[in-house]
Amino acid sequence: MDLIPSILQAIGLFMATNIDDIIVLSLFFARGAGQRGTTARILAGQYLGFGGILAAAVLVALGAGVFLPPQAIPYFGLIPLFLGLWAAWRAWRAADDDDDAKVAGKNVGVLTVAAVTFANGGDNIGVYVPVFLSVGPTAVVAYCIAFLALVAVLVVLAKFIATRRPIAEVLERWEHVLFPIVLIGLGVFILVEGGAFGL
């Protein structure tokens, strides 16, 4: 019966550490609007990235900190920073292209979603490790199962938000500006918050 409290704690912990992902995922949905397979690619990317976060947290909790030194985590902020700069450059370059070219350039890749998810997971790893260290192996497994189930809920919620007409219209109109800004801001925040480069 110890599993029930662990699962309830896992739900609260997941919500607290992943609420910011809804904004990023909603922008991914806006970016991939009208493209076949967007939901599947975002879901796969989110699972891939979050799986990496869980694996890193479990490894560190098991004493494998040698594979992921804590001081390395802030530098993952470079991933969304570079992706945001790349998206901004592409949006600027495509400003005079026709609509078909703009839509073609908005495909959302599994690896892009995974990279942004993992890079945004530094705080997750920092929170999960002490929790994993304070509970038994059974509870860690329960946490991981609950987290993985909640990833799908997070993606569905982000899709719901991105497909509401007023929100969808705003996202469609401003996505090419918001997407790079959010990624660049996320990257800078991760770097500064973690003290990368002595910031």
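Residues numbered from 1 in each chain as written. Predicted model: local features only at pLDDT ≥ 70, side-chain atom pairs only at ≥ 80, totals over all residues. Heavy atoms only, no water.

Enquirer: Would you mind showing me how to read the packing of aromatic side chains here?
Expert: How two aromatic rings sit relative to each other is set out by the distance from centre to centre and by the angle between their planes. Across all of its chains, the model carries nine aromatic pairs by this definition. Taking the centre distance of 5.5 Å and the plane angle of 65° together, the rings of Phe 14 and Phe 50 count as edge-to-face. With Phe 14 in helix H1 (residues 3–18) and Phe 50 in helix H3 (residues 38–61), the pair connects residues that are 36 residues apart, well separated along the chain. Each member of the pair, Phe 14 as well as Phe 50, is classed as buried. An aromatic cluster is built from Phe 14, Phe 50, Tyr 128, Phe 132, Tyr 143 and Phe 147, whose rings are joined through pairwise contacts. (Phe/Tyr/Trp six-rings, centres within 6.5 Å; stacked < 30°, edge-to-face > 60°. Helix = DSSP H or I, 4+ residues; strand = E, 2+ residues; numbered from the N terminus. Buried < 20%, exposed > 50% of the residue type's maximum accessible area, 1.4 Å probe, protein only.)

Enquirer: Teacher, can you tell me more about the environment of Asn 124 here?
Expert: Relative to the helices and strands, Asn 124 resides in helix H7 (residues 122–134). For the pair Asn 124 and Thr 17, spaced 107 residues apart in sequence, the C-alpha separation works out to 5.8 Å. Once residues lying within four places of it in the same chain are set aside, the contact partners of Asn 124 are Thr 17, Asn 18, Phe 50 and Ile 53. Polar contacts involving the side chain of Asn 124 include one to the side chain of Asn 18, which spans 3.1 Å. (Contact = heavy atoms within 4.5 Å. Polar contact = N/O pair within 3.5 Å; in protein donor to acceptor, adjacent residues only side chain to side chain.)

Enquirer: Sorry if this is basic, but what is going on with the side chain of Thr 117 here?
Expert: Tracing the backbone shows Thr 117 in helix H6 (residues 110–119). When neighbours within four sequence positions are excluded, Thr 117 is seen to be in contact with Gly 45, Gln 46, Gly 49, Phe 50 and Ile 53.

Enquirer: What am I meant to see in a nonpolar patch on the surface here?
Expert: Taken together, Leu 3, Ile 4, Ile 7, Leu 8, Ile 11 and Met 15 make up a surface patch of nonpolar side chains, about 540 Å² in accessible area. Within the secondary structure, Ile 11 is located in helix H1. (Patch = residues over 30% accessible without salt bridge, like charges linked within 9 Å, V, L, I, M, F, W, Y side chains within 5 Å. Areas by Shrake-Rupley, 256 points an atom, 1.4 Å probe, with all protein chains shown as cover. Salt bridge = Lys/Arg side-chain N within 4 Å of Asp/Glu carboxyl O.)

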